Amino acid sequence: MTPRPHRIAIAPSGFKESLSAARVAEAIATGVRRVIPDADLDLIPLVDGGEGTAEALALAGGGRLVPVTATGPVGDPVASHFALLGGGTTPGPLTAVVEMAAVAGLALVPPDRRHPGATTTYGVGELIRAALDAGARRILVGCGDSGTSDGGAGALQALGARLTDRHGRELRPGGGSLHELEHIDPSGLDPRLADTELLVACNPYNVLCGKRGVARVFGPQKGATPAEVELLSAGLERLAAVLTRDLLPAFGATALDLRTAPGMGASGGLGAGLASVGARLLPRYDVLLDGLDLDARLARADFVITAEGALDHQTVRGKIPAEVARRAQAAGVPVLVLAGTIGPGAQDVRAVGVDAYSAILPAPMTLVEAIGRSGEFLADASERAMRIMALGTRLTRLDPLAA
């Protein structure tokens, strides 16, 4: 009897500023087929709320992307978009997907302007208003890959709230001015928010304030110096206090803990800002993986390959490879992770079900070259992994003691 082809599930995330999840999956598949041409491959590109989320959900849900010009993270206009799902004969309200990375992502911040004290989420609020103008009354905001740390203050301003200092002056854009916040006037907020289901798909590990607050954890990655991190942290503390006093009562949510509740720190605190106007914060994979039948697809596989740009201590805190490994482990399916770089704490992924991991770079090189050739390197790394596995299989067959 002819043996059936190997079933391999390829379920990666995208590589930030480089490849979409779909292109990562295709590159891995290319490498696998060099070794196992007849492999039965199931490509499952995954999103975590960051880059590519709106497009992926539009494709999966039969929707479309709506182009919008909005305010980018450094204040310049950028070409952005949101997705519209449903409508027509589809039951329920028209749903929009707003991807914060498409208007306030780190990739939109030039390297010489990466100062999170000055970047803004104003464009996120503009996209939400554009979605409301399009008739959406259910809006899903994907959080991830942000280049901001303003606690969603910019988004609130775009939605009509006034954030002022003790002199009654409107706050400057960015988290660097939040420590000056004295009052928030909600009277100008878009009234359509009251009739809209606003959902935020976020990483529940991210909190707004405290020792593990978002400014301290992610501020340095966005370009903040140690002194700026402390200023941003103080500003987010101040924002949480004023939001609790001035905004939460208007939405009947006075018991909400903006400082330390799960997900409030998502996308530089955007989670807290949107929660203060009635948004519900949900674990991102509960929302974003809906409809993919991921558990069943992983369980059908003999082997799973996942991938991300950087494998390190943050991976186990809600990144896609950890989520894939956790689900595959429950089905008893082995998992390989391919990563652009491997950093401190990468070994922690073994605890969540990762059996092996490997970096894709073949030699030291500049970041620009690594980003430009990441598809090539992924394919080559996948081929190497498959050849090593094939060798291991042959050795097992030669060992008379092997079970």
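Preceding this section is the structure that the text describes.
Note that the coordinates shown come from a computational prediction; the quantities given were computed from them, not determined experimentally.

Brief notes about empty space enclosed by the protein
Stage number 1. This structure, assessed with the given rule, holds 1 cavity of 30 Å³ or more.
Stage number 2. Of the pockets and cavities examined, the largest cavity occupies roughly 50 Å³.
Stage number 3. In this structure, the largest cavity is lined by Thr 120, Asp 150, Ala 153, Gly 154, Gln 157, Leu 163, Leu 171, Arg 172, Pro 173, Gly 174, Ser 177 and Leu 178.
Stage number 4. A per-element tally of the lining of the largest cavity places helix α5 (residues 153-158) first, with 3 residues.

Re the pairing of strand β3 (residues 64-71)
Stage number 1. Pairing of β3 with strand β4 (residues 77-85) involves 8 bridges; the strand directions are antiparallel. Bridging across to β4, Ala 70 finds its partner in Val 78.
Stage number 2. Here β3 hands over to β4 after 5 residues, with Gly 75 in that stretch at a positive phi of 100°.

Details of the nonpolar core
Stage number 1. If you look at the biggest cluster of nonpolar residues, it comprises 62 residues, and the most contacted ones within it are Phe 82, Val 124, Ile 128, Ile 139, Val 141, Leu 163 and Ile 184.
Stage number 2. If you tally residues by element for this core, the top one is helix α7 (residues 226-246), at 7 residues.
Stage number 3. In this structure, Ile 184 is in contact with Ala 161, Arg 162, Leu 163, Leu 239, Val 242, Leu 243, Asp 246 and Leu 247, ignoring residues within four places of it in sequence.
Stage number 4. Of all hydrophobic cores here, the second largest spans 24 residues; its members include Ile 10, Leu 19, Leu 338 and Ala 381.

Examining the side chain of Gln 314
Stage number 1. The residue Gln 314 is located in the loop between β11 (303-311) and α11 (320-330) in this model.
Stage number 2. For Gln 314, the contacting residues outside a window of four places in its chain are Val 217, Phe 218, Gln 221 and Lys 319.

Quick notes on the sheet that holds β3
Note: strands within a sheet are paired through backbone hydrogen bonds, in either parallel or antiparallel orientation.
Stage number 1. Strand order in this open sheet of 6 strands is β3-β4-β5-β6-β9-β10, and the pairing throughout is mixed. Of all the strands in the sheet, just β3 and β10 (280-283) have a single pairing partner and so form its edges. When the angles between neighbouring strand axes are averaged without regard to direction, this sheet yields 30°.
Stage number 2. The sheet contact formed by β4 and strand β5 (residues 95-99) spans 3 bridges and is antiparallel. By the bridge assignment, Leu 84 is partnered in β5 with Ala 96.
Stage number 3. On the sheet, helix α2 (residues 53-60) packs against β3, β4, β5 and β6 (138-142) and is oriented at approximately 150° with respect to β5.
Stage number 4. Sitting on the sheet, helix α4 (residues 122-133) touches β3, β4, β5 and β6, and the angle it makes with β3 is about 135°.

Some words on the sheet that holds β11
Stage number 1. Within the open sheet, the 5 strands sit side by side as β2-β1-β11-β12-β13. Their pairing is parallel. For this open sheet the edge positions go to β2 (40-43) and β13 (356-359), each flanked by a neighbour on one side alone. Strand-to-strand, the axes of this sheet are offset by a mean angle of 20°, without reference to chain direction.
Stage number 2. Pairing of strand β1 (residues 7-10) with β2, which is carried by 4 bridges, proceeds in the parallel orientation. Note that in β2 the partner of Ile 10 across the bridge is Leu 43.
Stage number 3. Contacting β1, β2, β11 and β12 (335-342), helix α1 (residues 21-35) runs over the sheet at an angle of about 170° to β2.
Stage number 4. With respect to the sheet, α11 is in contact with β11 and β12, its orientation differing from that of β11 by roughly 160°.

Details of α11
Note that an α-helix has 3.6 residues per turn; residues three or four places apart therefore point the same way.
Stage number 1. Extensive coverage of α11 is indicated by the burial of 8 of its 11 residues.
Stage number 2. In the core, the buried residues of α11 are packed alongside α9 (284-288), α10 (294-299), β11 and β12.
Stage number 3. Within two residues after α11, Gly 332 carries a phi angle of roughly 75°, on the positive side.

Details of the state of the cysteines
Stage number 1. If you walk through the whole model with that rule in mind, you get 0 disulfides.
Stage number 2. Summary of cysteine pairing: Cys 143 is not part of a disulfide, and the nearest cysteine sulfur, belonging to Cys 202, is at 6.1 Å.
Stage number 3. Among the residues examined, Cys 143 registers a relative accessible area of 4% and is labelled buried.

Scoring rules and cut-offs
- Residues numbered from 1 in each chain as written.
- Predicted model: local features only at pLDDT ≥ 70, side-chain atom pairs only at ≥ 80, totals over all residues.
- Heavy atoms only, no water.
- 1 Å grid on protein atoms, 1.4 Å probe; cavity = no way out; pocket = protein on both sides within 12 Å on 5 of 7 lines; lining within 4 Å.
- Points joined across faces, edges and corners; volume = space filled by probe spheres on them.
- Helix = DSSP H or I, 4+ residues; strand = E, 2+ residues; numbered from the N terminus.
- Pairing = 2+ DSSP bridges.
- Core = buried A, V, L, I, M, F, W, Y, C linked by side-chain atoms within 4.5 Å.
- Buried < 20%, exposed > 50% of the residue type's maximum accessible area, 1.4 Å probe, protein only.
- Contact = heavy atoms within 4.5 Å.
- Axes fitted to C-alpha atoms, helices over the stretch in contact; angles between N-to-C directions.
- Disulfide = S-S within 2.5 Å.

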